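# Chain and residue survey
Residues per chain, in single letters:
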Amino acid sequence: MDAQQQRAAFPQPHPLQGGGGGGGGGGGFTSIFTVLVSFIAIFSFVLVASSSTSKNSLSIIHQVPEGHVGVYWIGGALLKTITDPGFHLKMPLITHFEPIQVTLQTDLVRDIPCGTKGGVMINFEKIEVVNRLRKDFVYETLRCYGVEYDNTWIYDKIHHEINQFCSGHSLQQVYIDMFDQIDDKMKDALQADCTQYAPGIEIISVRVTKPSIPDNVRRNFEQMEEERTKVLIAMERQRVVEKEAETKKKIAVSEAEKNAQVSLIQMEQKLMEKGSAQKQEDIANKMYEAREKSLADADFYRSMKEAEANKLKLTPEYLELKFIEAIANNSKIFFGNKVPNMVWDQRLLGSFLPDITRKGNFEA
């Protein structure tokens, strides 16, 4: 709206002319009030709250909150224009605006009934899905699935996956055995389909609460859990007893090994002592043998020398001398024909008598 149009739409008040009466003063006040009301109306028309999501919003200026991007439609056609957080302008009555969250958000899915493989109906009261829409895929995701894209890929999909899981497993598996795996299985299933059909949706995590089951079945499970607890306690006691027995056995084995090692050391010590004593005895025996051999050799040598000396002494002259000395030492001398047979030793006189005989014959 240019200046001339504004002046035509909102005529400026004329200055008060001097000498005017009270009616002229009242007309000036009315003009000023009209301008103020018009200005406030235009200002309100421009600054309508940006949080309004009415499809027929009359606001010109709108605000995109932090963590969101602005998406626009004209005549129901999605525009490729994506705006960042802050204030932006749009055409009223023609352009429709929606803020789309691109940060982490948690979608809460409630009351998911399903039937197990055995036909028991259970109900998951609450499942939380933490997800995020990537900013680069906002246009493609909204163009294919609309602003409520999470209804298709989060709410409806989680119902489907939970029912698929329950129909393939028994109540024991769903409620106890595999319950800790449901979170990861749901996350993988949701992410697999989103990656294939809606790549802009990123599944961060899934939190599944314990499902509610019929009271009679729950009581049976509680009794089973009590019995299992008793069994576990008994097993733990048995394990403790086994550990104590094993500990005692190890102590006994260790003690026996220690005693065996001590005995072995003592035996080796005794063997070493015996070996040392045997070596000492062998050395003593060798010394004794050497000493006795030396003595025997000395005796043999002395005997040989004495024999050689006696052989040199036993000459006829020496024997005759000894004979005469022996006769001279006798105090009695016997004479007669039988005296030689009785007194004289033929072994000593064997060489002496023939010499006397020869001498006698020679003298005769």
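Our subject in this report is the structure included herewith.

The rules behind the values
Residues numbered from 1 in each chain as written. Predicted model: local features only at pLDDT ≥ 70, side-chain atom pairs only at ≥ 80, totals over all residues. Heavy atoms only, no water. Helix = DSSP H or I, 4+ residues; strand = E, 2+ residues; numbered from the N terminus. Buried < 20%, exposed > 50% of the residue type's maximum accessible area, 1.4 Å probe, protein only. Contact = heavy atoms within 4.5 Å. Areas by Shrake-Rupley, 256 points an atom, 1.4 Å probe, with all protein chains shown as cover. Phe/Tyr/Trp six-rings, centres within 6.5 Å; stacked < 30°, edge-to-face > 60°. Pairing = 2+ DSSP bridges. Axes fitted to C-alpha atoms, helices over the stretch in contact; angles between N-to-C directions. Arc of directions from axis to C-beta. Salt bridge = Lys/Arg side-chain N within 4 Å of Asp/Glu carboxyl O. Core = buried A, V, L, I, M, F, W, Y, C linked by side-chain atoms within 4.5 Å. Patch = residues over 30% accessible without salt bridge, like charges linked within 9 Å, V, L, I, M, F, W, Y side chains within 5 Å.

Across its full length, the chain carries eleven helices and eight strands. Expressed as a percentage of the 364 residues in the chain, the buried residues total 21%. Intrachain contacts of the chain at a sequence separation of at least 6 include 66% that bridge at least 24 residues. Carbon and sulfur atoms provide 58% of the accessible area of the chain, an area that totals close to 26,400 Å².

Our focus in this paragraph is the side chain of Asp193. Looking at the secondary structure, you find Asp193 in helix α6 (residues 179-197). Beyond its immediate stretch of four places on either side in the chain, Asp193 contacts Trp153, Lys157, Glu161 and Ala198.

Our focus in this paragraph is the packing of aromatic side chains. Throughout the structure, instances matching the rule amount to three aromatic pairs. Pairing Tyr72 with Phe97 gives two aromatic rings, centres 5.6 Å apart and planes at 40°, and the pair type is tilted. Here Tyr72, found in strand β2 (residues 68-74), pairs with Phe97, found in strand β5 (residues 95-101); they are 25 residues apart in sequence, far enough to count as distant. Across the pair, Phe97 and Tyr72 agree in class, each one buried.

Next up on the list: the sheet that holds strand β3 (residues 77-83). Taken together, the three strands give an open sheet; going across it, the order is β3-β2-β5, and neighbouring strands pair in antiparallel fashion. At either margin of the open sheet sits one strand with a lone partner, and together these are β3 and β5. Strand-to-strand twist across the sheet, computed as the mean angle between neighbouring axes with direction ignored, equals 30°. Here four bridges tie β2 to β3, and the two strands are oriented antiparallel to one another. Note on β3: the bridge partner recorded for Gly70 is Thr83. Of the strands in this sheet, β2, β3 and β5 touch helix α3 (residues 138-145), which is tilted by about 155° from β3.

Moving on, we get to α3. Turning to α3, its buried residues are Val138, Tyr139, Thr141 and Leu142. Down the axis, α3 shows its buried residues gathered within 165° of arc, on one side only. Packing partners of the buried residues in α3 comprise β2, β3, β5, β7 (121-133) and α4 (149-167). The positive-phi residue at the C-terminal boundary of α3 is Gly146, with phi of around 80°.

As a further point, take the pattern of salt bridges. Inspection of every chain in the model, using the stated rule, returns 15 salt bridges. Where Arg132 meets Glu202, a salt bridge forms, and the shortest distance between an N and an O atom there is 2.7 Å. Of this pair, Arg132 sits in strand β7 while Glu202 sits in strand β8 (residues 201-208), placing them 70 residues apart in sequence. A salt bridge links Lys250 to Glu246; its shortest N-O distance comes to 3.5 Å. Placement of the pair is Lys250 and Glu246 together in helix α7 (residues 215-313), with a separation of four residues, close to one helical turn.

Take the nonpolar core next. Core analysis: the largest hydrophobic core is formed by 41 residues, its most contacted members being Phe124, Ile127, Ile158, Ile162 and Ile182. Residue contributions to this core peak at seven residues, all from α4. Among residues more than four places away in sequence, those in contact with Ile127 are Asp107, Leu108, Val109, Ile112, Ile158, Ile162, Val206, Arg207 and Val208.

The subject of this paragraph is the pairing of β7. Sheet topology note: the strand β6 (residues 105-115)/β7 ladder contains ten bridges and is antiparallel. The residue of β7 that forms the bridge with Val109 is Ile127. Hairpin connection from β6 to β7: five residues lie between these consecutive antiparallel strands, with Gly119 at a positive phi of about 95°.

A cluster of nonpolar side chains, Leu58, Ile74, Met91, Leu93 and Ile94, forms an exposed patch at the surface whose accessible area comes to about 470 Å². Examined against the element boundaries, Met91 turns out to sit in the loop between β4 (86-89) and β5. On the accessibility criterion, Met91 (48% relative accessible area) is partly exposed.

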